[in-house]
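# Coordinate analysis (summary)
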Amino acid sequence: MSRRQPSLAETLGEIRTRVDSRLDELVPRESEKPELLHQAIRYSLTAPGKRVRPALTILAATVFRGSIDLALDPACAVELVHTASLILDDLPSMDDATLRRGRKANHLVFGEDLSILAAFALLNRAFSVVSESAHLSLRTRSDLAAILSRAIGSEGVVAGQTVDLRSTAQTIDFETLEYIHSRKTGALFIASAEMGAAVAGLSGKKLEPIHAYAKNLGLAFQILDDLLDLEGTAEQTGKTVQQDVKKTTFVSFSGASGARSLASELVTVAVDALRPYGRRADPLRELARSLLRDGVVQH
Ligand code: GRG
């Protein structure tokens, strides 16, 4: 008798449980010295994030016949980086936000000094997790570290954040808006997906379709995030809303319904980009459609 294929929701539930429990193992206990630093790290890392990026890594690995076991540590590395970026993003010198993942922003609890140090520690841990993934070949580990470090560096996430901060309260054109978000949000989506595919042995040209998928999905995700910032409540989103009123966003550019249409078009482009992989990439297609359908609210 053939076994029923698990639904996407069931798969995402399993991924989330595995990621949460592995993250718990990967960072020092709160009782380890310096206690306050480890409390600050765990405070943000164990808060209820959606774990979209690690899900992308694991789904990308499994559709190419990699296993969850192989992809788990790289997926956690992506989440460690993402959490570091959220802590930094909320600082008074950046977005000055007060609520994140349903909790007071890290710096409001631990102080800016410890928040910055916690973010640095999370970033470093991400790279040690990748380099210590004993079940992956040395070649794969080095490919993963290269993908991740390039994505977050001065031409990736940090570039997007820089241009975003310096564009606040200024008029920017659509090209600049796309520049910001394809890096600030898109670059880590691309790295998450490519790392999963790399775990399963894909490299070079074979990564191009998944790169295009993740790039378009990342932009769609950002647009949905912009819509939620405007239309959602702090309770729904778990974070400070109306943060973007001084910024040009996809919503201020195209209006709410134009932004929604753009997100939908981008998801279509993302899904179509996977054509060369055939039906086996269906879970990635489903993930894209589910993000569009259910939005990016906390679950
Ligand atoms: C340390 C990588 C690094 C960067 C420093 C601060 C900074 C430069 C960049 C900020 C990048 C950033 C926070 C972009 C926003 C991306 C975004 C849409 C975040 C919300 O993601 P969700 O909805 O959040 O997946 P959860 O909490 O569910 O994980």
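Everything that follows concerns the structure shown earlier in this document.
The following refers to the structure shown. Since this is a predicted model, take the numbers as computed values, not measurements. (Residues numbered from 1 in each chain as written. Predicted model: local features only at pLDDT ≥ 70, side-chain atom pairs only at ≥ 80, totals over all residues. Heavy atoms only, no water.)

## Looking at the site of the ligand
Taken together, 22 residues surround the ligand, and among them Lys 50, Arg 53, His 82, Arg 101 and Gln 161 come closest. Interatomic distance of 2.7 Å between a side-chain N/O atom of Arg 53 and an oxygen atom of the ligand. The contact in question runs from an oxygen atom of the ligand to an N or O atom on the side chain of Arg 101, over 2.8 Å. Considering the ligand on its own, with 760 Å² of exposed area, one finds that the protein chains cover 94% of that surface. Of all elements in the fold, only helix H4 (68-89), helix H8 (157-167) and helix H11 (208-231) reach the threshold of two or more residues within the shell around the ligand. Sorting elements by how many residues they give to the shell around the ligand places H4 first, with six residues. Here the shell around the ligand is composed, by residue class, of eight nonpolar, seven polar and seven charged. (Near = heavy atom within 4 Å. Polar contact = N/O pair within 3.5 Å; in protein donor to acceptor, adjacent residues only side chain to side chain. Areas by Shrake-Rupley, 256 points an atom, 1.4 Å probe, with all protein chains shown as cover. Helix = DSSP H or I, 4+ residues; strand = E, 2+ residues; numbered from the N terminus. Nonpolar A, V, L, I, M, F, W, Y, C, P; charged D, E, K, R; others polar.)

## Considering unusual backbone geometry
For residues besides glycine, phi is generally negative; the peptide bonds are generally trans as well. Along the chain, Lys 33 connects to Pro 34 via a cis peptide bond; the corresponding omega equals -10°. Positive phi is not limited to glycine here, since Asp 96 has a value of about 50°. Note on placement: Asp 96 falls in the loop between H4 and strand E1 (99-100).

## Focus: the side chain of Arg 51
Mapped onto the secondary structure, Arg 51 falls in the loop between helix H2 (35-45) and helix H3 (52-63). Of the residues examined, Arg 51 reaches a relative accessible area of 6% and is grouped as buried. Setting aside residues no more than four positions away along its own chain, Arg 51 makes contact with Arg 16, Val 19, Asp 20, Leu 23, Leu 45, Thr 46, Glu 79 and Arg 101. (Buried < 20%, exposed > 50% of the residue type's maximum accessible area, 1.4 Å probe, protein only. Contact = heavy atoms within 4.5 Å.)

## Quick look at the environment of Ser 203
Inspection of the secondary structure puts Ser 203 in the loop between helix H10 (186-199) and H11. Through-space distance from the C-alpha of Ser 203 to that of Asp 143 is 9.0 Å; in sequence the pair is 60 residues apart.

## Description of the packing of aromatic side chains
Remark: the centre distance and the inter-plane angle together describe each pair of aromatic rings, the angle taken between the planes. Under the definition given, this model contains five aromatic pairs. Both rings, one in Phe 64 and one in Tyr 277, keep their centres 4.7 Å apart while their planes meet at 75°; by these two values the pair is edge-to-face. Taken together, the residues span a long stretch of sequence, with Phe 64 in the loop between H3 and H4 and Tyr 277 in the loop between helix H13 (250-273) and helix H14 (282-294) at a distance of 213 residues. Per residue, the accessibility class of Phe 64 equals that of Tyr 277, and both read buried. Counting every residue linked through ring pairs, the aromatic cluster contains Phe 174, Phe 250 and Phe 253. When the ring centre of Tyr 43 is taken as origin, the NZ or CZ atom of Arg 103, which lies over that ring, is 5.5 Å away. (Phe/Tyr/Trp six-rings, centres within 6.5 Å; stacked < 30°, edge-to-face > 60°. Lys NZ or Arg CZ within 6 Å of the ring centre and 35° of its normal.)

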